[in-house]
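Topology and contacts: notes
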Amino acid sequence: MRVWQIWVLVGMTLGACRVDSNDIQTWKSTVKGPGKIVSVALTPKYDVKLRARALVALVEMNRQDVDGMAEFEQTLRKLTDKDSPQIIHDVAEQLKTLMHGTTKATADESGPAALEVRAKDAAFILVPLASEEVRRDLSTSIVQWLAGDFNGRSLAGKFSAEQIIRALGASAGAQLVAALDPRMPQMALIKLSQLIAQVGDDATKAQAAKRLVEIEREMESKEFLVWLETRILEQAKDRGQTVKRPDVQRAALHHREVFITTGALPAMSSVADQRVVAERLLQIASINSQEPAMVERRWRALAALEGKASADQLDRLLELALNNANPTKVRDYAFDRLSDVRSPKTVARLWPLVQSASNARERWRAGELVLAIGGEKVLSEFLDKLPHQGDVNYEPEELEGYAKRIGQLSPLPTSKLRGMLGSKNWWERVIALRVLERKGTKNDIPSVQKVKTDATPVKGKHWDPNMTVGKVAGEVLQVLTQRASLSPAQ
């Protein structure tokens, strides 16, 4: 018997008596009830409101033998009569009520109530079938529900928050901006910001940027500290603990830093290409403080600017990177952001550090950045400017760093490297060897073989005892020989 014939028979059976919402409520728990509910939803002779009620009843069902959500979706897609738009409108209104209702999670539910989650999933299924007005209203309701407890709700149900936001698009991004709040969990703040950056239009991203700067400043306020202190006291009371006021204040200060450094600043990174955020991050990074908590805030602000620094910020980044008074970690992240900008002006400012014989760490950091920005055009000048004093030391990590940067050049300056193998400076020979170790071919084996007898000792910390340039060449030869044996015949 065909499916439509079954529904006709069921409809005839139902037609023998008057059906109302009480019947639908009863059928939710009977063996044949789900089929009867579906029949009511699909039968045009029934009142529109009753048919809508039947569809929602499928969502409300929580049975092991019947997948109410699957029945809801299948039945919904079979609605084709003239009353369908009104039915969908009424279903949407009921789903909104279920989503934002007062349903309590049961003892074995760690997240939101199961019925709320099913209502959210059903609403999302309904969205593409609804009229423009209903679609817009329903989308807003779904996003509001997700934002109400993003951490607890983002993965609940059949459709994750990310799936929903991506599907709803720019309009959902705009709604998420209103949900950004300084008191929400850090990961929720970060994820919401990421989603806004991914789906929001230019205006939405600008609004989000402004709001995130406001949130970071709100976290610095006295009111935020008071809120944290209140939370700490409430948690201590729940545990039956008595805490002293100074301990509460210290804990609140610590938690505020956590909210800023692991919440607000990473969230701002999603829209760090917006001027208001980039400026605020640089302001934080430039705070003249050596206090540990503030130092962390400073370098995390620079980390949040990753990939988004611009040429007009060059002078301030150089000041942060080159000023010896700044903490090491702040300077390191400032160097990273200079690498993002890749301005030729940076190279000119870094040459003095490259020439330094007294500060190997700064020389190494500046040298890698010069090579990354200038490429092959500055390679010869870079080698000339490295300190040549007889007692100069070069740690293996520093020379490895230079080799890594040179190895990233395309095309590889093979001729230059082979020339460096004959340099009078042992460190140039080692740099060339380490580049060939990474990028060399069997054609380089004869050139490296000639260096194997070089007994010049290397100078610097972290080298193996009695290490020589020739021993480095021996290590490289092993790598090149193995690589040649694994390569297809040329």
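For the structure itself, consult the block above.
**Points about unusual backbone geometry**
The step from Ser410 to Pro411 runs through a cis peptide bond, and the omega angle for that step is 0°. Within the secondary structure, Pro411 sits in the loop between helix H23 (396-407) and helix H24 (414-420). Of note, the phi angle at His462 is positive, near 75°, even though the residue is not glycine. Mapping His462 onto the fold places it in the loop between helix H26 (445-451) and helix H27 (469-486). Classification of His462 by relative accessible area gives exposed; the value is 54%. Its identity is not glycine, yet Asn466 carries a phi of approximately 65°, on the positive side. When you line up the elements, Asn466 lands in the loop between H26 and H27. Overall, Asn466 belongs to the exposed group, its relative accessible area being 65%.

**What to know about helix H19 (residues 328-341)**
Taking 1.5 Å as the rise per residue, H19 with 14 residues should run 20 Å; its terminal C-alpha atoms sit 20 Å apart, in good agreement. In this fold, the buried residues of H19 make contact with helix H16 (275-285), helix H17 (292-304), helix H18 (314-322), helix H20 (344-354) and helix H21 (360-374). The positive-phi residue at the C-terminal boundary of H19 is Arg342, with phi of around 55°.

**Overview of the nonpolar core**
Counting residues in hydrophobic clusters, the biggest one holds 156 residues, and the most contacted among them are Phe72 and Leu95. For this core, the element with the highest residue contribution is helix H4 (residues 48-60), accounting for nine residues. With near-sequence residues (within four places) excluded, Phe72 lies in contact with Leu55, Leu58, Val59, Val91, Leu95, Ala122 and Ile125.

**Regarding the layout of surface pockets**
In this model, the largest pocket occupies a volume close to 200 Å³. Ala357, Ala360, Arg363, Asn393 and Tyr394 are the residues nearest the centre of the largest pocket, which is lined by 13 residues in total. Along the lines of polarity and charge, the residues of the lining of the largest pocket split into four nonpolar, four polar and five charged.

**Looking at the packing of H4 against helix H6 (residues 84-99)**
Between two packed helices, the angle of one axis relative to the other and the distance separating the axes together describe the packing. Two numbers describe how H4 lies on H6: the axes approach to 8 Å, and their chain directions differ by 45°. As summarised for this structure, H4 and H6 are arranged oblique, according to the angle between their axes. Between H4 and H6 lies a crossing whose hand is right-handed. Packed against H4, whose contacting residues are Val48, Lys49, Arg51, Ala52, Arg53, Leu55, Val56, Val59 and Glu60, the element H6 presents Gln86, Ile87, Asp90, Val91, Gln94, Leu95 and Leu98 at the interface. Here the contact of H4 with H6 is composed, by residue class, of nine nonpolar, two polar and five charged.

Analysis parameters
The written sequence of each chain sets the order in which its residues are numbered from 1. Two thresholds apply to this predicted model, a pLDDT of at least 70 for residue-level local features and 80 or more for giving and counting side-chain atom pairs, whereas whole-chain, interface and lining totals are computed over all residues. As a rule here, side-chain values cover all heavy atoms of the structure and leave hydrogens and water aside. Runs of H or I in DSSP of at least four residues are treated as helices and runs of E of at least two as strands, each being numbered from the N terminus. In this scheme, a residue with accessible area under 20% of its type's maximum is buried, one over 50% is exposed, and one in between is partly exposed, where area comes from a 1.4 Å probe on protein chains only. Expected helix span is computed as 1.5 Å times (number of residues minus one). Here, two residues are considered to be in contact whenever any of their heavy atoms come within 4.5 Å of each other. Buried Ala, Val, Leu, Ile, Met, Phe, Trp, Tyr and Cys residues form a nonpolar core when they are joined through side-chain atoms within 4.5 Å. Method remark: on a 1 Å grid restricted to protein atoms, a set of points is classed as a cavity if a 1.4 Å probe fits but cannot get out and as a pocket if it is open with protein on both sides within 12 Å along at least five of seven lines; lining residues have an atom within 4 Å of a point. Grid points are joined across faces, edges and corners, and a volume is the space filled by probe spheres set on the points. Just so you know the grouping, Ala, Val, Leu, Ile, Met, Phe, Trp, Tyr, Cys and Pro go in nonpolar, Asp, Glu, Lys and Arg go in charged, and all remaining residues, Gly too, go in polar. For helices, the fitted line uses only the C-alpha atoms of the stretch in contact; every axis is such a line through C-alpha atoms, and the angle between N-to-C directions lies from 0 to 180 degrees. Orientation is classified from the angle alone, with under 35 degrees giving roughly parallel, over 145 giving roughly antiparallel, 65 to 115 giving roughly perpendicular, and any other angle giving oblique. The sense of a crossing depends on the near helix, which, turned anticlockwise from the far helix by less than a right angle, makes the crossing left-handed and, turned clockwise, makes it right-handed.

So far we have only geometry, and geometry alone does not tell us how the molecule works.
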